[in-house]
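Spelled out from the first residue to the last, the chains are:
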Amino acid sequence: SSYLKHVFSDKSGKEMKELLSILTTNHTFFMREAKHFSYFQKTVLPYLEGKVKDRDLRTWSAGCSTGEEPYTLAMIIDEYFGAKKLGWDTKILATDLSERALGIAVKGRYTKEQVASLPDVWKVNYLSKTDGETFEIKKRIKDEVIFRQFNLLDDFPFKKEFHVIFCRNVMIYFDYDAKMQLLEKFYKFLEPGGYLFIGHSESINVNESEFKYVMPSVYRKPD
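Residue positions are given per chain, counting from 1 as you read along its sequence in written order. Since the coordinates come from a predicted model, pLDDT governs what is reported: local features require at least 70, and pairs of side-chain atoms require 80 or more to be given and counted, while whole-chain, interface and lining totals use all residues. The basis for every side-chain value is the complete set of heavy atoms in the structure, and neither hydrogens nor water enter the calculation.

> Summarise the overall build of the chain; cite the residues concerned and give the values.
Counting its secondary structure elements, the chain contains 8 helices and 10 strands. Relative to its length of 223 residues, the chain is compact, with a C-alpha radius of gyration of 18 Å against a globular reference of 17 Å. Once the C-alpha set of the chain is aligned to its principal axes, its extents read approximately 60 × 50 × 30 Å. Here the chain, with 223 residues, has 47% of them falling under the buried criterion. Only the protein chains shown count as covering a residue, and every accessible area follows the Shrake-Rupley method with a 1.4 Å probe. Of the roughly 11,700 Å² of accessible surface on the chain, 53% is carried by carbon and sulfur atoms. A run of DSSP states H or I qualifies as a helix once it reaches four residues; a run of E qualifies as a strand once it reaches two. Both are numbered from the N-terminal end. The size measure is the radius of gyration over C-alpha atoms, and the globule rule it meets is 2.2 Å times the number of residues to the 0.38 power. Type-normalised accessible area, obtained with a 1.4 Å probe on protein chains alone, sets the label of each residue: buried when under 20%, exposed when over 50%, and partly exposed for intermediate values.

And the structure:
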């Protein structure tokens, strides 16, 4: 009780941020739930390439933790478009509640063990070796990801809808009401035909939501 009084009396908000950083789970890794990334590359991107006429491809990694997910998405997009990427805006918004996790993400440095699951060609194309045990995401991939602190329970400030939202293994920590409110906001801020990816341990009751089921942990807003 004494500590809580201290947290709520700290007008700067620093102690509250520290508490939230300690309490929130930041477990993630490259290529986590790899079938999602395969579906994103083989099905979602070809669909969006034909659909997005203004070449402004908007992807959001919500609950990005230490950056492995958005960087993986950036690598996939770069590999998919190749030379065709010229003229496209493919920047990815990556948000998380934890300042500590975001600090790691912005640096983009990972151990040899952490990048072991990445394809060898990606390690050559998208990583720089800083020493024998540490790799850093190359600048051109870093520049594709915009990291911001954001609480998913707050009102969404976005001016445009997204084509793809990844929010994986986040809603398992929400109660039912908070989860449904978040899903309503995701639906509102998805373009028609847009995709929502959630964690394999999560699900959406399509009878209680306007989302359409695509495959396990992948849902879509109807066109």
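> Summarise the nonpolar core; cite the residues concerned and give the values.
Counting 38 residues, the largest nonpolar core has Phe-40, Val-44, Leu-57, Tyr-71, Met-75, Phe-147 and Phe-197 as its most contacted members. Contact between two residues is taken to exist if any of their heavy atoms lie within 4.5 Å; hydrogens are not considered. Among residues more than four places away in sequence, those in contact with Phe-197 are His-36, Tyr-39, Phe-40, Val-44, Val-164, Ile-165, Phe-166, Cys-167, Arg-168, Ser-217 and Val-218. As used in this record, nonpolar core signifies buried Ala, Val, Leu, Ile, Met, Phe, Trp, Tyr and Cys residues forming a set joined through side-chain atoms within 4.5 Å. The next biggest cluster of nonpolar side chains, apart from the first, holds 24 residues, and it includes Leu-93, Leu-152, Leu-183 and Phe-189.

> Now, about helix α8 (residues 176-188): what can you tell me, with residues and values included?
A helix is expected to reach a length of 1.5 Å times the quantity of its residues less one. Look at α8: 18 Å from first C-alpha to last across 13 residues, which is about the 18 Å you get at 1.5 Å a residue. Here α8 has its buried residues at Ala-178, Met-180, Leu-182, Leu-183, Lys-185, Phe-186 and Tyr-187. On its buried face, α8 is in contact with β1 (59-62), β7 (162-167) and β8 (190-198).

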